[in-house]
Amino acid sequence: MRKFIRTILLLANLACIAGALLTYVGSGISPVRFLPTAYLALAYPYLLAANVGFVLLWTALHKWYALLSLALIALSWPKVRTCFPLNLNPSTELAADSVRTLRLLTYNTRMLGGMERHTAEKPNPVLRHVAASEADVVCLQEFGVARGYVTERDVRRALADYPYRHIYYKNDRGTRRMGIATFSKYPIVGRGTVDFPSRYNEAIRTDIAVGGDTVRVINCHLESNRLTEKDKAMPAELRRNFDAEHLTDVTAHLSRKLATAYRARAVQADRVADEVDGSPYPVLVCGDFNDVPLSYAYTRVRGRLQDAFEATGFGMGFTFHDDWMRFRIDYVLCDSTFTPLRLVRDRVPYSDHYPLVCTLALPDR
């Protein structure tokens, strides 16, 4: 009986190793070409936890099998660190050769907190938080204004410290406008859109003069999964009324929605990556990618860039929170011109995303 249980455990261990390896391979394969591996990125934290668990289990049982998962973790440490950085004491001091910093805030605002009105007596909470952040550059996704709610005039008044702005409305219905926005305390010297097919999502590039340098900021909101409240409730309902037919229906429904989004994001990520590669200036990429680390979208956009959370953070660092769902899908990426010093998640309740405030060092000119 013991031998049988060990065999089952070993097979389970090998399955977790295979799952992790497929995740690594899948992160470099566009879902447009091959979709199944895209789903594994969502399961990777559990696969990693299972492999760590098997190392501990086999070690406790004095079995050499512990070396299997241990070797996987050691050899794939850069991938592990991307998903679960362990910076216990990240430095917040300037690098020795750096005398300048740039403070950037990126935030999916969920339509400025539901387009809550902004008055002197009762400020819009999102605008109030952004204004108090002391960021030099502010990148907002799901930026929206509407007559009778929060207006663009309200935004300009609330963010008066940011005289330079780049706003692109993907959807402009006259009285209701939705899109993406970048605000800056430094002069904006160039504006453009990153063209990709989507009804609602978008990316913009903004060239900002910081001192004597020009920095290109690419503000992204990649394709959403568009899960409705009914969709989000399906897993809980399945747990209450579990049967094979119900499981098949729920899995098929969610898979169809995710598949559409995965393919759309892959195309969009390719376009953003091309913008990064073609930039004549140092690049910062930030925003809501709507996908997790080790996804194709993240891997493609990141390319040669640094992940500020990987460089300075600790743990899972989830940025999206909605009931039982917790994922890191918002990012600040930068090229080697910058040194990430600190990235803070402001855990404020105004959206289903947390804003990220990142401090970066620029080299002395």
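In this text the structure is predicted, and so the values were computed from the model without any measurement.

## A short note on the pairing of strand E14 (residues 356-363)
For E14, a buried count of seven out of eight residues is recorded, marking the element as mostly surrounded by other parts of the structure. Where strand E13 (residues 339-345) meets E14, six bridges bridge the pair, whose relative direction is antiparallel. The partner of Pro340 across the bridge, within E14, is Leu360.

## Describing a positive patch on the surface
A cluster of basic side chains, namely Arg2, Lys3, Arg6 and Lys63, defines a positive patch on the protein surface. Note on placement: Arg6 falls in helix H1 (residues 2-26). Residue classification places Arg6 among the partly exposed residues on the basis of a relative accessible area of 31%.

## A few points about helix H6 (residues 125-132)
Where H6 is concerned, the buried positions are Pro125, Val126, Leu127, His129 and Val130. Where H6 begins, one side-chain oxygen reaches toward the backbone nitrogen of Val126, 2.9 Å away; that side chain belongs to Asn124. Looking one or two residues past H6, Glu134 carries a phi angle of roughly 60 degrees, positive in sign.

## So, the nonpolar core
Buried together is how nonpolar side chains tend to be arranged in soluble globular proteins. Of all hydrophobic cores here, the largest spans 25 residues; its most connected members are Leu112, Leu140, Phe143, Val155 and Phe183. For this core, the secondary-structure elements that each account for two or more residues are strand E1 (98-108), helix H5 (110-115), H6, strand E2 (137-146), helix H7 (152-158) and strand E4 (176-184). Among the elements that line this core, the one with the most residues is E2, at five residues. If we skip the residues at most four places from it in the chain, Phe183 touches Asp136, Val137, Val138, Leu140, Phe143, Val155, Leu159, Tyr162, Tyr164, Arg165 and Ile167.

## A closer look at helix H2 (residues 40-60)
Over its 21 residues, H2 runs 29 Å from end to end, which matches the ideal 30 Å to within 8%, given 1.5 Å per residue. Of all the bends in H2, the greatest measures close to 30 degrees and is centred on Tyr46. Within the span of H2, buried status applies to Ala41, Tyr44, Leu47, Leu48, Asn51, Phe54, Val55 and Trp58. In this structure, the buried side of H2 is in contact with H1, helix H3 (66-75) and helix H4 (77-83).

## A look at the packing of H1 against H2
Look at H1 against H2: their axes get within 9 Å of each other, and the N-to-C directions meet at 140 degrees. Judged by the angle between their axes, H1 and H2 are oblique. As H1 runs across H2, the sense of the crossing is left-handed. Note on element contacts: H2 touches H1 through Leu40, Ala41, Tyr44, Leu47, Ala50, Asn51, Phe54, Leu57 and Trp58, opposite Arg6, Leu9, Leu10, Ala12, Asn13, Cys16, Ile17, Gly19, Ala20, Leu22, Thr23 and Tyr24. Within the contact of H1 with H2, the residues separate by chemical class into 16 nonpolar, four polar and one charged.

## So, the pattern of salt bridges
Throughout the structure, instances matching the rule amount to 14 salt bridges. Asp291 is paired through a salt bridge with Arg265; the nearest N and O atoms lie 3.1 Å apart. Here Arg265 lies in helix H9 (residues 244-277) and Asp291 lies in the loop between strand E8 (283-288) and helix H10 (296-302), a separation of 26 residues in the sequence. Each member of the pair, Asp291 as well as Arg265, carries the same accessibility label: buried. The residue Arg302 makes a salt bridge to Glu310 at a minimum N-O spacing of 2.6 Å. Here Arg302 falls in the buried class, since its relative accessible area comes to 17%. Residues participating in the shared-partner salt-bridge network are Glu152, Arg156, Asp172 and Arg177.

## Observations concerning the state of the cysteines
What the rule picks out here adds up to zero disulfides. No disulfide involves Cys139; its sulfur sits 3.4 Å from that of Cys286, the nearest cysteine. According to the relative accessible area criterion, Cys286 is buried, its value standing at 0%.

## Some thoughts on the environment of Ala203
Looking at the secondary structure, you find Ala203 in strand E6 (residues 202-210). Along the primary structure Ala203 and His166 are separated by 37 residues, whereas in three dimensions their C-alpha atoms are 11 Å apart. Contacts of Ala203, omitting those with residues within four sequence positions, involve Ile180, Thr193, Val194, Phe196, Asn219, Cys220 and Val272.

## What to know about a nonpolar patch on the surface
Among the surface-exposed residues, Met1, Phe4, Ile5, Ile8, Leu11 and Leu14 lie close enough to one another that they form a single nonpolar patch of about 640 Å² accessible area. Here Met1 shows up in the segment before H1.

## Thoughts on the environment of His62
One can find His62 in the loop between H2 and H3. For His62, a relative accessible area of 73% corresponds to the exposed category. As for His62 and Val189, which are separated by 127 residues in sequence, their C-alpha atoms are 64 Å apart.

## What about the sheet that holds strand E12 (residues 330-334)?
With mixed pairing, the six strands of this open sheet are ordered in space as E5-E6-E7-E8-E12-E9. Strands with a single pairing partner mark the edges of an open sheet, and in this sheet they are strand E5 (188-193) and strand E9 (306-307). Where E6 and strand E7 (residues 213-221) come together, nine bridges link them in antiparallel fashion. Bridged to Ala209 within E7 is Thr214.

## Some points on the packing of aromatic side chains
Both the distance between ring centres and the angle between the ring planes are used here to describe each pair of aromatic rings. A full pass over the atoms with the stated rule returns 11 aromatic pairs. An aromatic cluster is defined as three or more aromatic residues linked by ring pairs; in this entry it consists of Phe54, Trp58, Trp64 and Tyr65. The lysine or arginine in question, Arg345, covers the ring of Phe318, its NZ or CZ lying 5.3 Å from the ring centre.

How each quantity is defined
- Residues numbered from 1 in each chain as written.
- Predicted model: local features only at pLDDT ≥ 70, side-chain atom pairs only at ≥ 80, totals over all residues.
- Heavy atoms only, no water.
- Buried < 20%, exposed > 50% of the residue type's maximum accessible area, 1.4 Å probe, protein only.
- Helix = DSSP H or I, 4+ residues; strand = E, 2+ residues; numbered from the N terminus.
- Pairing = 2+ DSSP bridges.
- Patch = residues over 30% accessible without salt bridge, like charges linked within 9 Å, V, L, I, M, F, W, Y side chains within 5 Å.
- Areas by Shrake-Rupley, 256 points an atom, 1.4 Å probe, with all protein chains shown as cover.
- Salt bridge = Lys/Arg side-chain N within 4 Å of Asp/Glu carboxyl O.
- Lys, Arg positive; Asp, Glu negative; His and termini not counted.
- Charge placed at Lys NZ, Arg CZ, Asp CG, Glu CD.
- Polar contact = N/O pair within 3.5 Å; in protein donor to acceptor, adjacent residues only side chain to side chain.
- Core = buried A, V, L, I, M, F, W, Y, C linked by side-chain atoms within 4.5 Å.
- Contact = heavy atoms within 4.5 Å.
- Expected span 1.5 Å × (residues − 1).
- Bend = angle between axes of the 7 residues up to and from the residue.
- Axes fitted to C-alpha atoms, helices over the stretch in contact; angles between N-to-C directions.
- Parallel < 35°, antiparallel > 145°, perpendicular 65-115°, else oblique.
- Left-handed = near helix turned anticlockwise from the far one by under 90°.
- Nonpolar A, V, L, I, M, F, W, Y, C, P; charged D, E, K, R; others polar.
- Disulfide = S-S within 2.5 Å.
- Phe/Tyr/Trp six-rings, centres within 6.5 Å; stacked < 30°, edge-to-face > 60°.
- Lys NZ or Arg CZ within 6 Å of the ring centre and 35° of its normal.

So yeah, pure geometry; function would need other evidence.
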